[in-house]
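Chain and residue survey
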Amino acid sequence: MYMYVCMYVLIVFSPRYQDALSAKKERATKAMASYGPKSKQFVNPKEEKNIWLSLVHMLNKKDKLPVVAFTFSRDRCSGNADSLSSLDLTTSEEKHVIHTYFQKSIQLLKGSDQSLPQVKWMREHLKRGVAVHHSGILPILKEVIELLFQKGLVRLLFATETFAMGVNMPARTVVFDAIMKHDGTRKRDLYPGEYVQMAGRAGRRGLDTNGTVIVLCKADIPEASDLHKMILGQPTTLESRFRLTYSMILNLMRVETLRVEDMMKRSFSEIDSARSEQDRKHNLETLLSRKQQLQTLDCQLCTSDIHQYYCSCAQLLSLREETQAVLLNKPQVLKVLSPGRVITIFTEKYKYNLAVVLQQNTRTAVKTFTVLILCNIEDESEQVAKHLNPFLSVEPYVPREDLFHPDSPVGHAVVDISGKLIVNISGEVIPVESSRIIEDYRRRQIPRFSDNPPSSSVSKAVQSLLRLVENHQAMTNLNPVKDLHVMDLDFVSSWKEMKELEKKMNNYSCVCCPNFKEHFENEKSKCEIQQQLSDLNFKLSESSLQFLPEYKHRVEVLKQLHFLNQKELVSLKGRVACEIHSYEVLLTELIFCNAFDDYSPEEIVALLSCMVFQQSKCSEPNLTEQLKKGKETILKVAADLVETENTCGLKTSVEEYQKEFKFGLVEVVYEWAKGKEFVDVIELTDVSEGLVEAEWCMSC
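This text gives an overview of the structure that appears in the document. (Residues numbered from 1 in each chain as written. Predicted model: local features only at pLDDT ≥ 70, side-chain atom pairs only at ≥ 80, totals over all residues. Heavy atoms only, no water.)

**Quick word on the packing of helix H15 (residues 306-327) against helix H20 (residues 489-504)**
Taken N-terminus to C-terminus, the directions of H15 and H20 make an angle of 145 degrees; their axes are 10 Å apart at the nearest point. Every pair of crossing elements has a handedness; the one defined by H15 and H20 is left-handed. Mapping the contact onto sequence places Ser312, Gln315, Leu316, Leu319, Arg320, Glu322, Thr323, Val326 and Leu327 in H15 and Phe491, Ser494, Trp495, Glu497, Met498, Leu501 and Glu502 in H20. (Axes fitted to C-alpha atoms, helices over the stretch in contact; angles between N-to-C directions. Helix = DSSP H or I, 4+ residues; strand = E, 2+ residues; numbered from the N terminus. Left-handed = near helix turned anticlockwise from the far one by under 90°. Contact = heavy atoms within 4.5 Å.)

**Focus on the packing of helix H18 (residues 434-444) against helix H19 (residues 456-470)**
With their axes 8 Å apart at the nearest point, H18 and H19 run at an angle of 110 degrees to one another. Considering their axes alone, H18 and H19 lie roughly perpendicular with respect to each other. Contacts between H18 and H19 pair Arg436, Ile437, Asp440 and Arg444 from the former with Ser457, Val458 and Ala461 from the latter. Class assignment for the residues of the contact of H18 with H19 results in three nonpolar, one polar and three charged. (Parallel < 35°, antiparallel > 145°, perpendicular 65-115°, else oblique. Nonpolar A, V, L, I, M, F, W, Y, C, P; charged D, E, K, R; others polar.)

**Some words on the pattern of salt bridges**
Applying the stated criterion to the full structure yields 25 salt bridges. With a shortest N-O distance of 3.2 Å, Lys524 and Glu395 are connected by a salt bridge. Of this pair, Lys524 sits in helix H21 (residues 516-540) while Glu395 sits in the loop between strand S11 (387-388) and strand S12 (410-418), and the two are 129 residues apart along the sequence. The shortest N-O distance in the salt bridge between Glu656 and Lys659 comes to 3.8 Å. Of this pair, Glu656 and Lys659 both sit in helix H27 (residues 654-659), three residues apart, which is roughly one turn of that helix. Through salt bridges with shared partners, one network takes in Arg259, Glu261, Asp262, Lys265 and Glu542. (Salt bridge = Lys/Arg side-chain N within 4 Å of Asp/Glu carboxyl O.)

**Here we look at the pairing of strand S3 (residues 156-159)**
Every second residue of S3 is oriented toward a common face, with Leu156 and Phe158 on one face and Leu157 and Ala159 on the other, all of them buried. As paired elements, strand S1 (residues 67-70) and S3 share four bridges and run parallel to each other. Its bridge partner lying in S3, Val67 is registered against Leu156. Note that strand S2 (residues 130-133) and S3 share four bridges and pair parallel. If you follow Val132 over to S3, its bridge partner there is Phe158. Following the backbone out of S2, through helix H7 (residues 139-150) and into the adjacent parallel S3, one traces a crossover that is right-handed. (Buried < 20%, exposed > 50% of the residue type's maximum accessible area, 1.4 Å probe, protein only. Pairing = 2+ DSSP bridges. Right-handed = clockwise from strand over helix to strand, strands pointing away.)

**Some details on the packing of aromatic side chains**
The final tally for this structure, using the stated rule, is 16 aromatic pairs. Ring geometry for Phe242 versus Phe547: centroids 5.3 Å apart, planes at 70 degrees, classification edge-to-face. On the criterion of sequence distance, the pair formed by Phe242 in the loop between helix H9 (224-232) and helix H10 (246-253) and Phe547 in the loop between H21 and helix H22 (548-560) is long-range, its members being 305 residues apart. Neither residue differs from the other here; Phe242 and Phe547 are each classed as buried. Aromatic pair Phe516 and Phe520: ring centres 5.8 Å apart, planes at 45 degrees, arrangement tilted. With Phe516 and Phe520 both in helix H21 and four residues apart, this pair spans about one turn of that helix. Using a relative accessible area of 10% as the deciding quantity, one classes Phe516 as buried. According to the relative accessible area criterion, Phe520 is buried, its value standing at 0%. An aromatic cluster of three or more residues is present, and its members are Tyr309, Tyr310, Tyr508, Phe516 and Phe520. Directly above the ring of Tyr191 sits Arg188, whose terminal nitrogen or CZ lies 3.8 Å from the centroid. The residue whose ring lies beneath Arg443 is Phe449, and the NZ or CZ to ring-centre distance is 3.9 Å. (Phe/Tyr/Trp six-rings, centres within 6.5 Å; stacked < 30°, edge-to-face > 60°. Lys NZ or Arg CZ within 6 Å of the ring centre and 35° of its normal.)

In structure tokens:
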């Protein structure tokens, strides 16, 4: 860690970094003065060539070669090497060694393959001590480059980040062409782990006392915060890459001693559940012990329906939260909750207390309301939290009309509440001086002013609320549907359900029991323990596995397509699919519907290349009518498979699935399979030789 801290300090606070920032500001000032662009976002090829030439000459002069230049694009790697055709970093003796070794190595290639464009191109660059290493290079050439690099004969290597993964090729200097890359989804900064992996190539053990890492600032200078995040940021969180595939399911179902559920349990995606298993088992035993200690009710009034009463109270609580969440998102409701509006709140501390809105607070992430609450004098003296939390525990039902009546003398409190605490919005509006009330109350919270009497503004508001409480029979509450015009179907349905349930609450016989509160608490404890037991049993069971729903859907797909019978035994179709390692269901469907009967082996291999080729952008192939027909057949069977998956519960897009099949190399593979020389078929596409060879090997 000390090394990386020092590196960051040297980068951000070194004179070089500060000089670069000064130059940037100076350019921006000149650009603004001339009414031009504020900063330059791109450099042209000529400027980029000069940057690389200047950098390499400086490194060579300071004896900082060899250098690995990490470039996050195969095309740019090759383009940078081509632009430096005038650069020569080797002596005549080194050129002779490189030429001899290169010629000896390519003798392993077939006669015509020795004259491939990439082979000739690489030979010329290697003679000058420059090389390129990425997935588009032929494997034999990559091996030659790696061996020459180890011998110190490659002084400048343009490489993608794969060069830093698994290949031990340290250099004296590492250069980052940029600190941003495209990861297939978006363009982003390098993660700390990626940076460390590549920057760690700087410095050769036993040869260099230290390594040099350079970040090129072509168009702009990275912000200090971006560099800090890249060098000293938190490492990427380790995530499970476990995926359920049809092949895995079919292969495991063929073995009696293994179950798919057991494999899912052992995956890294279930690591948190596995770690908590012992604690959950201990909690389960504790809850079972507590459940046994609860007393059995021996009351004729409560035994019959207290459980149903508790369930109704829980349902009322859920409906209240649901309706309040909808109401608070309606502009007409927020408009009504203006200063002076009388409301009823319900919390653990204040149950059906009358309050008046003083102001709405919109600056916070969650909208809150500053209100003056009518309460007992002892509640006023207590230190009340700034934001009261909703009362989420199930309590015996209290009619909304039964307001809290404070004892004499009357107290008050000014607090911020969330909208979830508002259970009633009345039709009453009283005059209030909001700012004076808030200011006076906050002033009296200061110890030296705590004995001051409330101001006249506070007293008037409290007296107005007290009169409303004493005459609460005449006070009406606004109906969300009729008065506030909230017409959402789901809300109206929930509101009516809540009102119907409230009407039935006094029909239970248990509410007539003299020991009702004690019996309700006993039932509440029993139900809460039972709920916790149910949750723990679920988490300890296979039903809680993250991939279990997907597994059931995939099994249903396999049954629909007859890879499994109704007893979930693997059929002949399933056994064939087990021998295929990718797109096993699609390929098996193509085989069993005789899709390839009218095709030659060369055409079949060419069509199958669409399942291994991954490059999105390439030249359009010139396909024969037969190959076009085969392409349409594959896409049609793929669409039918997706339709079956969607029917069985898997959400898959036909378009997205068909995009996985890329037919850019079909013509190349077809001609190659017919016996055409590699040097000739490579002219049919703009895909690099290394990728063509790799895809060909995978197709076969």
